[in-house]
Amino acid sequence: MTAISKCLFPAAGYGTRFLPATKAMPKEMLPIVTKPLIQYGVEEAMDAGITGMAIVTGRGKRAIEDHFDISYELEHQIAGSDQESLLDGTRHIRDKCRFSYTRQAEMKGLGHAILMGQSLIGNNPFAVILADDYCVTEGPGVLAQMIRLYDQYRCTIVAIEEVPMEEISRYGVIEGEEAEEGIFRVSNMVEKPSPDSASSNLAIIGRYILTPDIFQILENTAPGKSGEIQLTDALLTQAHAGNVIGYKFDGRRFDCGSIDGFIEATNHTYKSRNYE
Ligand code: G1P
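Everything numeric here is computed off the predicted structure, so don't read it as measured data.

Caption draft 1: Molecular detail of the overall build of the chain. Secondary structure summary: the chain contains 10 helices and 13 strands in total. Its C-alpha radius of gyration of 18 Å places the chain within 12% of the 19 Å reference for a compact globule of 276 residues. With the principal axes as the frame, the chain shows a C-alpha extent of 60 × 35 × 35 Å. Counting across all 276 residues of the chain, residues that qualify as buried make up 51%. A total of about 13,300 Å² of accessible surface is found on the chain, and carbon and sulfur atoms cover 48% of it. The centroid of the 26 positive side-chain charges in the chain is displaced by 4 Å from the centroid of its 38 negative side-chain charges.

Here it is as structure tokens:
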């Protein structure tokens, strides 16, 4: 069975697209109906059997820690009232999971954020969720699907999705051979290529299972696109050794880092009552 017990959440980014809402509030705390984005991510990790939540935060992100902690005042006030059940979700998370935090002092890219998480993760394979990619599924969650695949392939797994070519420059892009339906052995990957240079429309979305050698690779990865240390560049080293699988997951992803995606996610969740 799988050895994956921890999920890393890079959560230090600014969320400038949502200013002024994100001036004093972490973008990960933006609510989809009643639950903050990061809580959906934590629930997806729990659905995959993970109980260790490792969160890379930064300045102005303390609300995330408070959200997953006890609020004694609120517990006291709501106890015995008909509103008490509203706290059941976060109580359940608190009972089942262990949270650990570290800070990324400087914004040097996703690869750098992952590297900052090393002290929380240790030397085991681990999952990564980028909370602003919000995923809904009919059956098992995306991470649960990926862990199943990890048990079979025992290497790094990245979630992928076909996106319109004109949007490709917002994503890391993979190229590879389709080994089984929806499962690609990755041979090349590029961070945010222009539409005319992109070799496919298979975009990486914010779900990864990473093997721990990624940390050493990241340490030796030079700044790439936008002068930042890119996870995609480090993954390319693993891909060249034949150790990266791209997986077209079952489900639907909303890009909650964009206003349109956020509104679509809100409407979808409200209609499906997924927030309860
Ligand atoms: C990051 C990754 C990119 C990936 C994307 C998914 O980019 O660098 O490879 O496709 O997440 O959301 P960001 O959205 O942080 O710019």
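Caption draft 2: Geometry of the site of the ligand. Every residue near the ligand is listed here: Leu110, Leu130, Asp133, Tyr171, Gly172, Glu191, Lys192, Ile204, Ile205, Gly206, Gln230 and Thr232. Residue Lys192 places a side-chain N or O atom 2.7 Å away from an oxygen atom belonging to the ligand. Between the ligand and Ile204, the relevant distance is 2.6 Å, taken from an oxygen atom to a main-chain nitrogen or oxygen of the residue. For the ligand, whose accessible area on its own is 380 Å², the fraction buried by protein is 75%. For the shell around the ligand, the leading source of residues is strand β11 (residues 202-210), giving 3 residues. The residue inventory of the shell around the ligand, partitioned by class, reads 5 nonpolar, 4 polar and 3 charged.

Caption draft 3: Here's a closer look at the environment of Thr34. Along the chain, the position of Thr34 falls in the loop between β2 (31-32) and β3 (35-36). In this structure Thr34 comes out as exposed when scored by relative accessible area, which is 55%. Each C-alpha atom of the pair Thr34 and Gln238 lies 39 Å from the other, and the pair is 204 residues apart in sequence.

Caption draft 4: Examining helix α4 (residues 88-96) more closely. Turning to α4, its buried residues are Thr90, Arg91 and Ile93. Take α4 and look down its axis: the buried residues cluster within an arc of 160°, on one side only. In α4, those exposed residues whose orientation departs by more than 90 degrees from the buried face are Asp95 and Lys96. The inward-facing, buried residues of α4 contact α1 (37-47), α2 (62-67), α3 (72-78) and β5 (98-103).

Caption draft 5: The nonpolar core, seen in detail. The biggest cluster of nonpolar side chains holds 38 residues, and the ones touching the most others in it are Cys7, Phe9, Ile50, Met53, Leu143 and Ile209. For this core, the elements supplying multiple residues, two or more each, are β1 (6-10), α1, β4 (52-57), β6 (126-129), α7 (142-153), β8 (156-162), β11 and β12 (244-248). Sort the elements by how many residues they give to this core and α7 lands first, with 8 residues. If we skip the residues at most four places from it in the chain, Ile50 touches Ile4, Ser5, Lys6, Cys7, Ala45, Ala127, Leu143 and Ile147. By size, the runner-up hydrophobic cluster in this structure holds 31 residues, among which are Leu120, Leu130, Ile204 and Leu210.

Caption draft 6: Structural detail: the side chain of Arg253. By the secondary structure assignment, Arg253 is in strand β13 (residues 252-255). By relative accessible area, Arg253 is classed as buried at 12%. Within the structure, the side chain of Arg253 is placed 2.8 Å from the side chain of Asp133, a separation counted as a polar contact. Discounting chain neighbours no more than four positions away, the residues touching Arg253 are Asp133, Tyr134, Cys135, Glu161, Val163, Tyr171 and Ile205.

Reading the values: the criteria
Every chain begins its residue count from 1, and numbering advances along the sequence as written. The model is predicted, so local features are restricted to residues of pLDDT at least 70 and side-chain atom pairs to those at 80 or more, both for listing and for counting; the totals for chains, interfaces and linings are taken over all residues. Side-chain numbers come from the whole structure's heavy atoms, not from hydrogens or water. Helical segments are the DSSP runs of H or I of at least four residues, strand segments are the runs of E of at least two, and each set is numbered from the N terminus. A radius of gyration in this sense is built from C-alpha atoms; the matching globule rule multiplies 2.2 Å by the number of residues raised to 0.38. Exposure classes here rest on a 1.4 Å probe applied to the protein chains alone. A residue is buried below 20% of its type maximum, exposed above 50%, and partly exposed in between. Each accessible area is a Shrake-Rupley estimate made with a 1.4 Å probe; only the visible protein chains count as cover when residues are assessed. In this charge count, Lys and Arg are treated as positive and Asp and Glu as negative; neither His nor the chain ends contribute. Taken as the charge centre is NZ of Lys, CZ of Arg, CG of Asp or CD of Glu, depending on the residue. Distances are taken per atom, and a residue is near a molecule or strand as soon as one of its heavy atoms is within 4 Å of it. Whenever a nitrogen or oxygen atom comes within 3.5 Å of another N or O atom, the pair is scored as a polar contact, on the condition that within protein one atom can donate a hydrogen and the other can accept it, and that pairs from neighbouring residues in sequence are kept only if both atoms are in side chains. In this classification, Asp, Glu, Lys and Arg are treated as charged, Ala, Val, Leu, Ile, Met, Phe, Trp, Tyr, Cys and Pro as nonpolar, and every other residue, Gly included, as polar. When we speak of the arc, we mean the arc of directions from the helix axis to the C-beta atoms. By the convention used here, residues are in contact when the closest approach between their heavy atoms is within 4.5 Å. Put simply, buried Ala, Val, Leu, Ile, Met, Phe, Trp, Tyr and Cys residues joined by side-chain atoms within 4.5 Å make one nonpolar core.

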